Amino acid sequence: MEAKSDKGIILMNLGSPDSTAVPDVKRYLNEFLMDKRVIDYPYLFRLMLIKGIIVPRRAPKSAEAYKSIWWEEGSPLIALTKQLQNAVQHDLQMPVEISMRYGNPSQEDAYDKLLKQNPNLKEVILLPLYPHYAMSSYETAVEHAKAVHKKKKYPFTLNIVPPYYSEPDYINALAESMRPYVSQDFDHLLFSYHGVPERHIRKGDITGKHCLQVEDCCHVGSPAHEFCYRHQVFITSELVAEKLKIPREKWSVTFQSRLGREEWLKPYTAATLEELPKKGVKRLLVACPAFVSDCLETLEEIAVEGKHTFINSGGDSFTMIPCLNVHPLWVGAVVKWMTAMS
Ligand SMILES: C=CC1=C(C)c2cc3[nH]c(cc4nc(cc5[nH]c(cc1n2)c(C)c5CCC(=O)O)C(CCC(=O)O)=C4C)c(C)c3C=C
Ligand SMILES: [Fe+2]
Ligand SMILES: [Fe+2]
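In this text, all values refer to a predicted model and were calculated from it rather than measured experimentally. (Residues numbered from 1 in each chain as written. Chains lettered and ligands numbered in written order. Predicted model: local features only at pLDDT ≥ 70, side-chain atom pairs only at ≥ 80, totals over all residues. Heavy atoms only, no water.)

Examining the sheet that holds strand β5 (residues 188-194)
- Strand order in the open sheet made by the 4 strands is β6-β5-β7-β8, with parallel pairing throughout. Across the chains shown, the open sheet's two edge strands, defined by having one partner strand only, are β6 (251-256) and β8 (317-320). Each neighbouring strand pair of the sheet contributes to a mean axis angle of 25°, computed without reference to strand direction.
- As defined by bridge partners, β5 adjoins β6 across 6 bridges and the pair is classed as parallel. Bridged to phenylalanine 191 within β6 is valine 253.
- Contacts from helix α8 (residues 229-243) reach β5 and β6 within the one sheet, and its direction differs from that of β6 by about 145°. (Pairing = 2+ DSSP bridges. Helix = DSSP H or I, 4+ residues; strand = E, 2+ residues; numbered from the N terminus. Axes fitted to C-alpha atoms, helices over the stretch in contact; angles between N-to-C directions. Contact = heavy atoms within 4.5 Å.)

Examining helix α11 (residues 301-312)
- Turning to α11, its buried residues number three or more, namely Ile302, Gly306 and Phe310. The buried side chains of α11 occupy one side of the element, clustering within an arc of 40° when seen end-on. In α11, the exposed residues that point more than 90 degrees away from the buried face are His308 and Asn312.
- Contacts made by the buried residues of α11 are with β5, β6, α9 (269-275), β7 (283-287), α10 (296-299) and β8.
- Two residues or fewer after α11 comes glycine 314, characterised by a positive phi angle close to 115°. (Buried < 20%, exposed > 50% of the residue type's maximum accessible area, 1.4 Å probe, protein only. Arc of directions from axis to C-beta.)

Re the pattern of salt bridges
- One pass over the structure, following the stated rule, counts 16 salt bridges.
- A salt bridge links lysine 7 to glutamate 123, with the shortest nitrogen-to-oxygen separation between them at 4.0 Å. On the criterion of sequence distance, the pair formed by lysine 7 in strand β1 (residues 7-13) and glutamate 123 in strand β3 (residues 123-128) is long-range, its members being 116 residues apart.
- A relative accessible area of 17% places lysine 7 in the buried class.
- Judged by its relative accessible area of 14%, glutamate 123 falls in the buried class. (Salt bridge = Lys/Arg side-chain N within 4 Å of Asp/Glu carboxyl O.)

Read these as layout, nothing more, since geometry by itself doesn't imply function.
Next comes the structure, spelled out in structure tokens:
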């Protein structure tokens, strides 16, 4: 009989509200936006801004948006993360659980479930479902996982997978998942990434003098790249475009989901979708590699709102390429990484 593994795996994603009811969306947005790595203003100012202005205004609109994409089994992001869990579990001996940075299932739920399955658990391998490093995504997920682990004095160690934005297995899975779409006629491929404030990029610059300060900073060698979201999304896009042999003038990178009045990474996706038809781009493909699983930001902001903007601006066809979700090559990559780390 095969010996029981003393390791377990957690796939960690961002999370969604428990339901599309406004109070649930409010609770989720409060937790999300009160995170000091997402909105990094001083605590009291953040509290007043989030609880007094942003959440009361945003929650009803967000609830409507969630309603328009909600599945019978609940949030697409959570359902797709569960599907990934099942697919990976099928090929691995170690138990696999999922956790969400905000909402449910929580990090504690995932640790407890693993421990219940094996009280002698020695190590948990944590795979954040974010390919790129950003203070507001990968960093907050990992710091949260570490904080819960420390606070509850769990008896196992944590082994965290670093950002995989340029890992050949990830790039191969992403490129192959996109190949059926780029094999048909199209005028342009847009890589639309979740945006972040430019200030976050400068704040995360470990050299203090590189990001958004040096001409073409993301393509000039620097230790800052290890923590630079902008650099990392360019690398992903370049590697995928190279693998798919898409000429440089046929693809570009934009940033979506801006919130608030600060300057965020540019160019903005919405403005680009308006401009492209005027430049002769009529048949557009859009991929969103900041997200491993399809979610509100792809299914609503891109596939519905983005399409509307593009078609109303003179575009003819708009195709959103699905996220990796449970693509067999992605499942294979995760299984390979987990096996190598165990
Ligand atoms: C200051 C605000 C935000 C930053 C910075 C931010 C960064 C960031 N977010 C993701 C991934 C996702 N974000 C999602 C939804 C979402 N994001 C924000 C705000 C910021 N995100 C809000 C307010 C929301 C909620 C929805 C809304 O009201 O518009 C999602 C989808 C969640 C779902 O349930 O489907 C994802 C995924 C990344 C990767 C990132 C930094 C790189
Ligand atoms: Fe977000
Ligand atoms: Fe940079």
